[in-house]
Amino acid sequence: MSTSLKPGASEARTGKEANGGAIGTETIRIPVSGMTCAACQSRVQKTLAKQPGVSDAAVNLMMKSATVTYDPSAVTPDGLVEAIRSTGYGADLANPDQTAFEEQEARDRAQDEEYHDFRRKAIVSGIIGVIAMIVSMPLMSRLAADAHGHGASGESGDPFMRWAMRVLDPFFRSATPWLYDVPVGVTTGLLLAATIGVMLWAGRHFYTRAWAAFRHHSADMNTLVAVGTGAAFVYSLVATVMPEFFTSRGVPADVYYEAVVIIIALILTGNMFEARARKQTSSALRALVSLQPKTARVVRFGEEVDAPVDTVERSETIVVRPGERIPTDGQVIQGESAVDESMLTGESLPVSKKPGHRVIGGTINRTGAFRYTATTLGADSMLAQIVKLMRDAQGSRAPIQRLADTISGIFVPIVLSIAIATFVGWFVLADAAPAVRGFAAAVAVLIIACPCAMGLAVPTAVMVATGKGAELGVLIKGGEALQQAGGITTMVLDKTGTVTEGRPTVTDVIPTGAYVSRTDDLLRLVASLETSSEHPLADAIVRHAKDRGLALATPEGFQAVSGRGAQGIIDGVGVAVGNEEFMRDWAVDPSPMRDDAERLAGEGRTPMYVAIDGTLAGVVAVADPIKTTSTEAIARFRAMGLEVVMLTGDNQRTAEAIARQAGIDRVVAGVLPEGKVAEVKRLQAEGKTVAMVGDGINDGPAIAQADVGIGIGTGTDIAMEAADVVLMRGDLRSAAHAIELSRRTMRTMKQNLFWAFVYNVIGIPIAAGLLYPVFGLLLSPILASAAMAFSSVSVVTNSLRLRTARIV
Amino acid sequence: MQTMTMTEWLVILGGLAAIAWVNWYFFLAGRTAAVHAVVAAGRGDAGESAAGSSPAQVTITVDGGYSPQQVRVKAGQPVRLVFDRKDSGSCSEEVVLPDFGVRKFLPTGQRTTIEITPPRAGRYDFSCGMSMLRGAIIAED
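A few points on the structure. In this text, all values refer to a predicted model and were calculated from it rather than measured experimentally. Counting starts from 1 at the beginning of each chain's written sequence and moves along it residue by residue. As they are written, the chains are lettered A onward and the ligands numbered 1 onward, keeping that order. Given that the model is predicted, a residue must reach a pLDDT of at least 70 before its local features are reported, and side-chain atom pairs must reach 80 or more before they are shown or counted; all residues, however, enter totals for whole chains, interfaces and linings. Water and hydrogen atoms were dropped before computing side-chain values, which therefore reflect all heavy atoms in the structure.

1. Re the packing of aromatic side chains
Consideration 1: Stacked, edge-to-face and tilted labels apply to pairs of Phe, Tyr and Trp rings (six-membered ring for Trp) whose centres lie within 6.5 Å, assigned for plane angles under 30 degrees, over 60, and everything in between, in that order. Inspection of the entire model under this criterion finds 21 aromatic pairs over all chains.
Consideration 2: Note on Trp 426 of chain A and Tyr 772 of chain A: the rings are 5.4 Å apart at their centroids and 50 degrees apart in plane angle, and the pair reads as tilted. Linking Trp 426 of chain A in helix 14 (residues 401-429) with Tyr 772 of chain A in helix 28 (residues 772-775), this pair joins segments that are 346 residues apart in sequence.
Consideration 3: With a 1.4 Å probe rolled over the protein chains alone, any residue whose accessible area is under 20% of its type maximum counts as buried; one over 50% counts as exposed, and the rest are partly exposed. We classify Trp 426 of chain A as buried; its relative accessible area is 9%.
Consideration 4: A centroid spacing of 5.1 Å and a plane angle of 70 degrees characterise the contact between Tyr 66 of chain B and Phe 126 of chain B, whose relative ring orientation is edge-to-face. With Tyr 66 of chain B in strand 3 (residues 66-67) and Phe 126 of chain B in strand 9 (residues 122-128), this residue pair connects regions lying 60 residues apart in the sequence.
Consideration 5: Exposure remark for Tyr 66 of chain B: the relative accessible area of 0% places this residue in the buried category.
Consideration 6: Joined through ring pairs, the aromatic side chains of Trp 211 and Phe 214 of chain A together with Trp 21, Trp 24, Tyr 25 and Phe 26 of chain B make up one cluster.
Consideration 7: Lying over the aromatic face of Tyr 115 of chain A, Arg 276 of chain A brings its terminal NZ or CZ to 4.1 Å of the ring centre.
Consideration 8: Directly above the ring of Tyr 515 of chain A sits Arg 518 of chain A, whose terminal nitrogen or CZ lies 4.5 Å from the centroid. A run of H or I in DSSP counts as a helix once it spans at least four residues, and a run of E counts as a strand once it spans at least two, with each numbered from the N terminus. Any Lys NZ or Arg CZ found within 6 Å of a ring centre and within 35 degrees of that ring's normal is scored as a charge over the ring.

This is how it looks when you write it as structure tokens:
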């Protein structure tokens, strides 16, 4: 290798880039293609070094990449790519799946930081809150006594405060009597200082964000917390600094410092759990993104080198050892192995791979070593397409969310209005301490209201459900598809390739006459004749004979009559294969075998008569067998209460035979590919919500027409435009999974929305004191904050339950 | 119930005034004061040169809200939205453009570019991941 190769240099520099490139320069690695020798390498390197703003450029031939340190104000990454291209080599910036990976990493980092930040602040302010609470006990009990003096009811309406007065107060009175001897001014002074500290340190973001939103004429959860705690703080501050302002009006000058601190602590605790739970909603996407290996062992210049995967080019040879992840999509050229594809297709058994078979990047090689040719790369790769589909799905919105969106948009100002009305109501109606109690109730209203739960109700369910789908090998393209799939009434199945294997095979060879005990001889002659035929069924016969190890000959004088049959001479013997008319054409009487042929046709198979040297020799039947999984899946559809309809181009008799075997009750036979759309429309006109399952190639228009189009992913084409749901393997049971998952998700969304609404609809009136006149029930701001903190956590947690839903 | 005192009347009046102000400020004033940005094809902000091939570009600052809150663009033309996130609220960490199937994470203190092409004239709303912050792209013919 030439001396200018710097293995590891690229890693070192990209590391610096991750740290932000502190000294006004940035480092970028650009994959370069087309370089074949050291001369190419130095040319690219010199060109890059000459670019303005470039302080260092290292080009690595083996890694096929350039690592450039540059001044972003003088040259852009695009400019560097252009410069490389001007030398005649190919260059592109990092491909999209790489950015998906980086984005996911950045998001995880930010969410982790957020979580730890919340946790630290919640713990510290929680401890301060508890201390403040204890220190405030003497103040509160004095207050209760004062309230008696003022004629108010000594018992608080709030269950928490009642408990504090009955249990905590006597306890601290006997345990720490000195607390009750501290002068009031000292206690309130200390509390004031502690509260300011907590508000500025732990709660600052509530106030800054509320202010930022306020300037945009919008309001969110931060507004409510900021106004609630802010009001309580200002009230307490006035009571501390100018107690006579209250006492002169006959109102006790009490303080709410401990409430402010504990509210902040509780809401931070809620935020902390929410941050953790929200991170889990995207865990499936994170798992998918992390499937992509970063390097590939590529054969370059006769050597195996570990190169970054984004430098791999089409048709390069890649070596995979047992236990390794396959780095890119490709086709096996040498070696055999079993590959675990469960992470992408949901197929639990390892799939055997031989030369000619396709492998998928991101799957795990289990048993053997093999070499393969890279085919689709970067954004076109299967994994990148799946990741893109999932990200798109998670960015989409379910129609059910519209109401929640509308409400959360007007929610906060309305809550502010209710809080003001609450204060006024108490002030006017309460017979004792109206201002104090009105104020506490207003603060409780502000604190208990939770717009976040509504905002999170549907999107978290969509995120978890699409992730769960991917684990099951079902790609759901968005919230709308989920919602539609949850409400379908009719499953329309294409026959060929969906219900059946889509590949005809020989089911029966029935010899007669001279061939009665010579089945293989008969098969050999028929298969030899069919080697010259282009009929789709011919291939099935040839394959069958080869599987049985028969040596086939080439026919002489081959003749085919379209729609009837074929004949020719093999090893000097005249062979004719075809239908009844074809036999008559050759003066052969098919009647001895007619019963067999009729029976086979009645079972949905295609029988063919065989005549050898002008004498009937037997019947060969070919059929497209039903997939073993289809019958089970269809039974499941019916158990779900769905009507199952099969569409096929076959004649009525064959179609009905297949349907009977598969357990389908309604068949539409003789449908041309273009007729499938009309059939779906007809069902829709009957008022049915239709899901159409097909292979996505012939059935594209029908899939698009259906309310939910379910495409069976074939090959690398998983991003089928028309389909709302893509099945990663040709197993009809995954269609049942998709429906089941969608139904559950709809249930989860409705539960979430219900609880988020009901929580606010019940919580706000209680906090406002509507239950007080009858039940004497009232919520202190502290209880309100606890309820608020856990309402959004409960919504996210409910969505996360979908992850562990048993869908089999 | 005894007759209401002067103070009580004052509190009622004050409360009604406060409620009126809250609703005016967040609903009516918010609508009229929304900041607009108009982007024509091939033109951009932030000193971007008017290169014919590069799509129109607009920078949207994310700081407790989106400013500008509405962006007017030409329908059928690609537009590059650069989200410059200044705050660190968990609400604004994602921007969602449901019509374009985009849910993008915005790292704090960074500019994140999203390129979209509004297919036809109309309003395309965007919001934060929890749909508390809202903005819109207005595509015109």
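2. What to know about helix 25 (residues 675-685) of chain A
Residue and element names in this part refer to chain A.
Consideration 1: Buried residues of helix 25: Lys 676, Val 677, Glu 679, Val 680, Leu 683 and Gln 684, and no others. Angularly, the buried residues of helix 25 cover 160 degrees about the axis, an arc narrow enough to put them on a single face.
Consideration 2: Throughout, a contact is declared for two residues whenever any of their heavy atoms are within 4.5 Å. Contacts from the buried residues of helix 25 go to strand 15 (490-494), strand 22 (643-647), strand 23 (666-668), strand 24 (690-694) and helix 26 (700-705).
Consideration 3: Phi turns positive one or two residues past the end of helix 25, at Gly 687, with a value near 90 degrees. In this description, one arc is meant: the one made by directions from the helix axis to the C-beta atoms.

3. Quick notes on unusual backbone geometry
Consideration 1: For the bond from Ser 67 of chain B to Pro 68 of chain B, the omega torsion is 0 degrees, close enough to zero to count as cis.
Consideration 2: Counting through the fold element by element, Pro 68 of chain B comes out in the loop between strand 3 and strand 4 (70-74).
Consideration 3: Look at Asp 571 of chain A: it is not a glycine, yet its phi comes out positive at around 50 degrees.
Consideration 4: Even without being glycine, Asp 613 of chain A reaches a positive phi, approximately 50 degrees.
Consideration 5: Residue position: Asp 613 of chain A is located in the loop between strand 20 (606-612) and strand 21 (615-623).

4. Here's the deal with the pattern of salt bridges
Consideration 1: A pairing counts as a salt bridge when a side-chain nitrogen of Lys or Arg comes within 4 Å of a carboxyl oxygen of Asp or Glu. Under the criterion given, the structure shown has 46 salt bridges over all chains.
Consideration 2: Salt-bridge contacts for Asp 84 of chain B lead to Lys 86 of chain B; the nearest nitrogen and oxygen are separated by 3.1 Å.
Consideration 3: Residues joined in a network through salt bridges with shared partners are Glu 643, Arg 666, Glu 679, Arg 682, Glu 686 and Lys 688 of chain A.

5. Some points on the interface of chain A and chain B
Consideration 1: Taken together, the 43 residues of chain A in the interface contact 43 residues of chain B.
Consideration 2: Here the quantity called buried area is the total loss of accessible area, with a 1.4 Å probe, experienced by two parts when brought into contact, counted for both. Carbon and sulfur atoms supply 62% of the area buried between chain A and chain B, which totals about 3800 Å² over both sides.
Consideration 3: Summed over the shared surface of chain A and chain B, the number is one salt bridge.
Consideration 4: Pairs of N or O atoms within 3.5 Å make up the polar contacts considered here, provided that, within protein, one atom can donate a hydrogen while the other can accept it, and that residues adjacent in sequence are counted only when both atoms are side-chain atoms. Between the two partners, chain A and chain B, sit three residue pairs in polar contact (both at pLDDT 80 or more).
Consideration 5: Among the elements of the structure, helix 4 (96-149), helix 7 (204-215), helix 10 (257-281), helix 13 (382-395), helix 14 and helix 16 (451-471) of chain A are those that each provide at least two residues to the side of chain A that touches chain B.
Consideration 6: If one sorts the elements of the side of chain A that touches chain B by residue count, helix 14 of chain A sits on top with 14 residues.

6. Remarks on the sheet that holds strand 12 (residues 364-365) of chain A
Residues and elements named next belong to chain A.
Consideration 1: Here, a strand pair is defined by DSSP locating no fewer than two bridges between the strands. Taking strand neighbours across the sheet as the criterion, the three strands line up as 10-9-12 in an open arrangement whose pairing is antiparallel. Each edge of the open sheet carries a strand with a single partner, namely strand 10 (351-353) and strand 12.
Consideration 2: Sheet topology places strand 9 (residues 337-340) next to strand 10; three bridges connect them, and they run antiparallel. Looking at strand 10, one finds that Ser 337 is bridged to Lys 353.

7. Brief notes about the pairing of strand 24 of chain A
Residue and element names in this part refer to chain A.
Consideration 1: For strand 24, the tally of buried residues reaches five of five residues, placing the bulk of the element in the interior.
Consideration 2: Going residue by residue along strand 24, you find Val 690, Met 692 and Gly 694 tucked away on one face and Ala 691 and Val 693 tucked away on the opposite face as well.
Consideration 3: Inspection of the sheet shows strand 15 paired to strand 24 by four bridges, in the parallel sense. If you follow Met 491 over to strand 24, its bridge partner there is Ala 691.
Consideration 4: Sheet topology note: the strand 24/strand 25 (residues 708-712) ladder contains four bridges and is parallel. The residue of strand 25 that forms the bridge with Gly 694 is Gly 711.

8. Remarks on the environment of Ala 527 of chain A
All names here are of chain A.
Consideration 1: Structurally, Ala 527 is set in helix 19 (residues 519-530).
Consideration 2: Ala 527 sits 25 residues away from Leu 552 along the chain, and the two C-alpha atoms are 6.9 Å apart.
Consideration 3: Filtering out sequence-adjacent residues up to four positions away, Ala 527 remains in contact with Ile 541, Val 542, Ala 545 and Leu 552.

9. What to know about the nonpolar core
Consideration 1: Counting 158 residues, the largest nonpolar core has Met 491 and Phe 637 of chain A together with Phe 83 of chain B as its most contacted members.
Consideration 2: Among the elements that line this core, the one with the most residues is helix 27 (residues 732-768) of chain A, at 15 residues.
Consideration 3: Non-local contacts of Phe 637 of chain A, meaning those with residues more than four positions away in its chain, are made with Met 491, Leu 493, Leu 642, Val 644, Leu 732, Ala 735 and Ala 736 of chain A.
Consideration 4: Counting 32 residues, the second largest nonpolar core, distinct from the first, contains Met 343, Leu 344, Val 671 and Leu 683 of chain A. In this description, a nonpolar core means a group of buried Ala, Val, Leu, Ile, Met, Phe, Trp, Tyr and Cys residues linked to one another through side-chain atoms lying within 4.5 Å.

10. A look at the sheet that holds strand 18 (residues 565-570) of chain A
Residue and element names in this part refer to chain A.
Consideration 1: Pairing is antiparallel across the open sheet formed by six strands, whose spatial order is 16-21-20-19-18-17. Edge positions in the sheet fall to strand 16 (505-511) and strand 17 (556-561), since each has one partner strand and no second. Within this sheet the neighbouring strands show an average axis-to-axis angle of 20 degrees, counted without direction.
Consideration 2: The pairing of strand 18 with strand 19 (residues 573-578) spans six bridges and is classified as antiparallel. Residue pairing across strands places Gly 568 opposite Val 575, the latter belonging to strand 19.
Consideration 3: Between N-to-C directions, angles span 0 to 180 degrees; the directions come from axes that are lines fitted to C-alpha atoms, helices contributing only their stretch in contact. Its contacts with the sheet place helix 20 (residues 536-547) against strand 16, strand 20 and strand 21, and it is angled at close to 75 degrees to strand 16.

11. Some points on the environment of Glu 341 of chain A
Residue and element names in this part refer to chain A.
Consideration 1: With respect to the helices and strands, the residue Glu 341 is situated in the loop between strand 9 and helix 12 (342-345).
Consideration 2: Sequence-wise, Glu 341 and Val 622 are 281 residues apart; in three dimensions their C-alpha atoms are separated by 32 Å.
Consideration 3: Apart from residues lying up to four places away in sequence, Glu 341 is in contact with Gly 346, Glu 347, Val 351, Lys 353, Arg 358, Ile 360 and Thr 363.

12. As for the packing of helix 14 of chain A against helix 27 of chain A
All names here are of chain A.
Consideration 1: The contact between helix 14 and helix 27 brings their axes to 10 Å, and the two run at 10 degrees. Here helix 14 is positioned roughly parallel relative to helix 27, judged by the angle of their axes. Contacts between helix 14 and helix 27 involve Leu 403, Ala 404, Ile 407, Phe 411, Val 415, Ile 418, Thr 422 and Trp 426 from the former and Leu 753, Phe 757, Asn 760, Ile 764 and Ala 768 from the latter.
Consideration 2: The nonpolar class holds Ala, Val, Leu, Ile, Met, Phe, Trp, Tyr, Cys and Pro. Asp, Glu, Lys and Arg form the charged class, and all remaining residues, Gly among them, are polar. Considered class by class, the residues forming the contact of helix 14 with helix 27 number 11 nonpolar, two polar and no charged. Here the angle decides the label: under 35 degrees means roughly parallel, over 145 means roughly antiparallel, 65 to 115 means roughly perpendicular, and every other value means oblique.

13. Section: the packing of helix 15 (residues 434-448) of chain A against helix 29 (residues 781-800) of chain A
Residue and element names in this part refer to chain A.
Consideration 1: Interaxial distance between helix 15 and helix 29 falls to 8 Å at its minimum, and their mutual angle equals 10 degrees. Judged by the inter-axis angle, helix 15 sits roughly parallel to helix 29. Of helix 29, the residues touching helix 15 (which contributes Ala 440, Val 443, Ala 444, Ile 447 and Ile 448) are Pro 781, Ala 784, Ser 785, Ala 787 and Met 788.
Consideration 2: For the contact of helix 15 with helix 29, a count of residues per class yields nine nonpolar, one polar and no charged.

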